[in-house]
Amino acid sequence: MGLLELFVAVLIAGISCINLALPALVWRRSGDARFLLLAGANLVLVLLGAVWAWGQLPVGPPAWTGVTRVSLGLVLLVTLLLLASTLWPRRA
């Protein structure tokens, strides 16, 4: 168990949870399936971050919740790219 792994897992879950809201709202308003896919990708990252955070807690989690720093780094990069894709301004 490492504090760095726990912090990054919670960071992934938090950023993805925040980033889930905007595409979901736009999808409800427009009905465009691309925004539903963005919201679904962020929901999966929220769940993945929560499972990994659970795996870093000292409460005796199952073995399948284990994580490495390399996979945490890659998923954090994907999370930040998804956040950038929804925050990047549109061309006029």
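Residues numbered from 1 in each chain as written. Predicted model: local features only at pLDDT ≥ 70, side-chain atom pairs only at ≥ 80, totals over all residues. Heavy atoms only, no water.

(A) Summary view of the packing of aromatic side chains. Counted under the stated rule, the structure contains one aromatic pair. Ring centres of W54 and W64 lie 5.8 Å apart, and the angle between their planes is 75°; this geometry places the pair in the edge-to-face category. Of the two residues, W54 sits in helix α2 (residues 33-56) while W64 sits in the loop between α2 and α3 (69-87), which places them ten residues apart along the sequence. The partly exposed category is assigned to W54, whose relative accessible area is 36%. (Phe/Tyr/Trp six-rings, centres within 6.5 Å; stacked < 30°, edge-to-face > 60°. Helix = DSSP H or I, 4+ residues; strand = E, 2+ residues; numbered from the N terminus. Buried < 20%, exposed > 50% of the residue type's maximum accessible area, 1.4 Å probe, protein only.)

(B) Spotlight on α3. Across its 19 residues, α3 extends 27 Å between first and last C-alpha, which sits within 8% of the 27 Å expected from 1.5 Å per residue. Taken together, the buried positions of α3 are L72, V75, L76, T79, L82 and T86. The arc that holds the buried residues of α3, viewed along the axis, is 125°, so those residues lie on one side. Residues R69, V70, L74 and L81 are exposed on α3 and point more than 90 degrees away from its buried face. Here the buried face of α3 lies against α1 (3-30) and α2. (Expected span 1.5 Å × (residues − 1). Arc of directions from axis to C-beta. Contact = heavy atoms within 4.5 Å.)

(C) Layout of α2. Here α2 is 24 residues long and its end C-alpha atoms lie 35 Å apart, about the 34 Å a rise of 1.5 Å per residue gives. Among the residues making up α2, those that are buried are L38, A39, N42, L45, V46, G49, W52, A53, G55 and Q56. Elements that come into contact with the buried residues of α2 comprise α1 and α3.

(D) Representation of the pattern of salt bridges. Tallied over the full model, the rule gives two salt bridges. One salt bridge in this structure joins E5 and R69, with 2.7 Å as the shortest N-O distance. Of this pair, E5 sits in helix α1 while R69 sits in helix α3, and the two are 64 residues apart along the sequence. For D32, the salt bridge identified is with R34, shortest N-O distance 2.6 Å. The exposure class assigned to R34 is exposed, which follows from its relative accessible area of 59%. (Salt bridge = Lys/Arg side-chain N within 4 Å of Asp/Glu carboxyl O.)

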